[in-house]
Amino acid sequence: MNENQLEIVAVRKNGDGDLEQVKLNNGQVVDIQTAIQMAEANQIANVNTGATRGDHPHKTLRSNPDGDPSNNLSNLPTF
């Protein structure tokens, strides 16, 4: 992580359990599409983007694999 990058500290999920918003360490709350754009611009540390498979593929945000499940996006605190 460089000094200009933000970190995701909490998540908000919809009724299906999908990420809707993330809270950053500066207190900012952004929707998942904005977070994906920020990750692709290297503004958020320890995450990357990917694409779902199936009939309606879309971009997703995921934590970088590091062998520690406690910092996976789905395991972060909710807000």
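Some points on the pairing of strand E1 (residues 8–13)
So, point 1. Two strands pair when backbone bridges link them, and E1 and strand E2 (residues 19–24) are joined in this way by 5 bridges, in the antiparallel orientation. Across the sheet, the residue bridging to Lys13 is Leu19, located in E2.
So, point 2. What sits between the antiparallel neighbours E1 and E2 is a turn of 5 residues, in which Gly17 has the positive phi angle 90°.

A look at the nonpolar core
So, point 1. Membership of the largest hydrophobic core comes to 16 residues, with the highest contact counts inside it found for Ile8, Val22, Leu24, Ile44, Val47 and Leu61.
So, point 2. Counting residues per element, the ones that place at least two in this core are E1, E2 and helix H1 (32–40).
So, point 3. Examining the composition of this core, we find that 5 residues originate from one element, H1, more than from any other.
So, point 4. Filtering out sequence-adjacent residues up to four positions away, Ile44 remains in contact with Gln5, Leu6, Ile8, Leu24, Ala35, Met38 and Ala39.

Quick look at the sheet that holds E1
So, point 1. Across the sheet, 3 strands lie side by side as E1-E2-E3; this open sheet has antiparallel pairing. Single-partner strands in this sheet number two, and they are E1 and strand E3 (29–31). Direction aside, neighbouring strands of the sheet carry axes that sit 25° apart on average.
So, point 2. Packed onto the sheet, H1 meets E2 and E3 and runs at close to 95° relative to E3.

Rules used throughout
- Residues numbered from 1 in each chain as written.
- Predicted model: local features only at pLDDT ≥ 70, side-chain atom pairs only at ≥ 80, totals over all residues.
- Heavy atoms only, no water.
- Pairing = 2+ DSSP bridges.
- Helix = DSSP H or I, 4+ residues; strand = E, 2+ residues; numbered from the N terminus.
- Core = buried A, V, L, I, M, F, W, Y, C linked by side-chain atoms within 4.5 Å.
- Buried < 20%, exposed > 50% of the residue type's maximum accessible area, 1.4 Å probe, protein only.
- Contact = heavy atoms within 4.5 Å.
- Axes fitted to C-alpha atoms, helices over the stretch in contact; angles between N-to-C directions.

By themselves, these figures tell us nothing about what the structure is for.
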